[in-house]
Amino acid sequence: MSQFDLTGRVALVTGGNRGIGLAIANGLGGSGASIMIGARDRAKADAAMEELSGRGINARFTPLDVTDQDQCTAAVEVTVSAFGRIDILANNAGITVRKQPEEFTLEEWNRVIATNLTGGFLCTQAAFPHMKAQGGGKIINVGSMHSIFGASHTAAYAASKGGIVQLTKTIAVAWAKHNIQVNAILPGYIESELLEKARAQVDDLEERVFGRTPAGRFGTPDELAGAVTFLASDASNFVTGSSVVIDGGYSVMG
Ligand code: NDP
């Protein structure tokens, strides 16, 4: 059997109703995992479910706002009651607010941190007792180039995505003894609704990103799925605490 085979495994993908989360769901499901997608927008979730089911993937949806601790706990419980276990948690839900640091309201700052950083932590906490009882698990957090670099309009987003890298390391250290591996992916600029908004709000985004990306283009969501599948599978059982860069070379351009 392939080390990448996920047959019999169960994954909860937050923000799985579109964009990168849906691509992750497709990737994990395509390797055999059963999928629970959790997000707020029901109409987008219905479309995502249709897509996943059309590919023969055993998928369900649960309404989830990751800023609410009770909903994070409930999403994990629903996953376990639907499929009997939870082996993989992909903390993908994310938002941004683009403005100069001095213009942020406290509400905007808190909303970004609550979604991107605290939400992942709460889902991770909720998954822990199940993964521990099962004898292991895989947690994959979604960072960003803003986990590494600064940009003048991304104070809250970069703080949250930098935090994701450190959170990944600390939980990896804490739970290695339970055979739970915790890793992050750091995508470059990937075509999605989030990127469309960035294009509208940031002058010359395409020119600037293409200019320092050796691959010379944006990535597509499905180009992240292989790395996530690796991090969700037995092929990565000795990989923990790492952040895998998937950026067409953006971060190594001199
Ligand atoms: P999208 O805006 O297309 O998708 C964001 C996803 O997050 C949606 O599924 C959305 O669902 C979900 N989400 C947002 N807030 C919440 C919430 N409070 N509770 C539950 N789900 C929520 O963006 P992407 O697909 O591009 O982004 C996915 C992840 O990838 C994010 O973490 C983002 O920061 C990261 N990323 C994206 C990059 C890019 O270039 N696109 C680059 C690097 C990282 P709903 O609104 O229905 O709840």
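Use the structure listed above.
Residues numbered from 1 in each chain as written. Predicted model: local features only at pLDDT ≥ 70, side-chain atom pairs only at ≥ 80, totals over all residues. Heavy atoms only, no water.

> Please give an account of the site of the ligand that cites residues and values.
Inspection of the region around the ligand gives 28 residues, with N17, R40, D41, Y157 and S192 positioned closest. R40 is positioned such that a nitrogen or oxygen atom in its side chain is 2.7 Å from an oxygen atom of the ligand. The set of elements that each furnish at least two residues to the shell around the ligand consists of helix 1 (19–30), helix 5 (155–175) and helix 6 (193–201). When the residues that make up the shell around the ligand are grouped by side-chain class, the tally is 12 nonpolar, 10 polar and six charged. (Near = heavy atom within 4 Å. Polar contact = N/O pair within 3.5 Å; in protein donor to acceptor, adjacent residues only side chain to side chain. Helix = DSSP H or I, 4+ residues; strand = E, 2+ residues; numbered from the N terminus. Nonpolar A, V, L, I, M, F, W, Y, C, P; charged D, E, K, R; others polar.)

> Please set out the nonpolar core residue by residue, giving values where relevant.
Within soluble globular proteins, side chains that are nonpolar generally end up buried alongside one another. Counting 31 residues, the largest nonpolar core has I24, L28, I35, I37 and I185 as the members making the most contacts within it. Within the residue set of this core, elements represented by two or more residues are strand 1 (10–14), helix 1, strand 2 (34–39), helix 2 (42–54), strand 3 (59–63), strand 4 (88–91), strand 5 (137–142) and helix 8 (222–232). Beyond its immediate sequence surroundings of up to four residues, I185 is in contact with I140, N141, V142, G143, S144, L224, V228, L231, V244 and I246. Listed in part, the 26 residues of the second largest apolar core include V66, F83, C123 and V182. (Core = buried A, V, L, I, M, F, W, Y, C linked by side-chain atoms within 4.5 Å. Buried < 20%, exposed > 50% of the residue type's maximum accessible area, 1.4 Å probe, protein only. Contact = heavy atoms within 4.5 Å.)

> Run through helix 8, naming residues and quoting values.
Listed in full, the buried residues belonging to helix 8 are L224, A225, A227, V228, T229, L231 and A232. If you follow the buried residues of helix 8, they end up packed against helix 1, strand 4, strand 5, strand 6 (180–187) and strand 7 (243–246).

> Provide a residue-level description of the pairing of strand 5, including the pertinent values.
A regular strand places its side chains so that they alternate between the two faces of the sheet. Taking burial as the measure, the six residues of strand 5 include six buried ones, the bulk of the element. Burial of strand 5 is two-sided: the residues G137, I139 and N141 facing one way and the residues K138, I140 and V142 facing the other way are all buried. Both strand 4 and strand 5 contribute to a ladder of four bridges, which runs parallel. Looking at strand 5, one finds that L89 is bridged to I139. This β-α-β element, strand 4 to helix 4 (residues 106–134) to strand 5, shows right-handed connectivity. In terms of strand pairing, strand 5 meets strand 6 through six bridges, oriented parallel. By the bridge assignment for strand 6, I139 is matched with V182. Handedness of the crossover is the feature at issue here: the chain leaves strand 5, passes through helix 5, returns alongside strand 6, and the resulting connection is right-handed. (Pairing = 2+ DSSP bridges. Right-handed = clockwise from strand over helix to strand, strands pointing away.)

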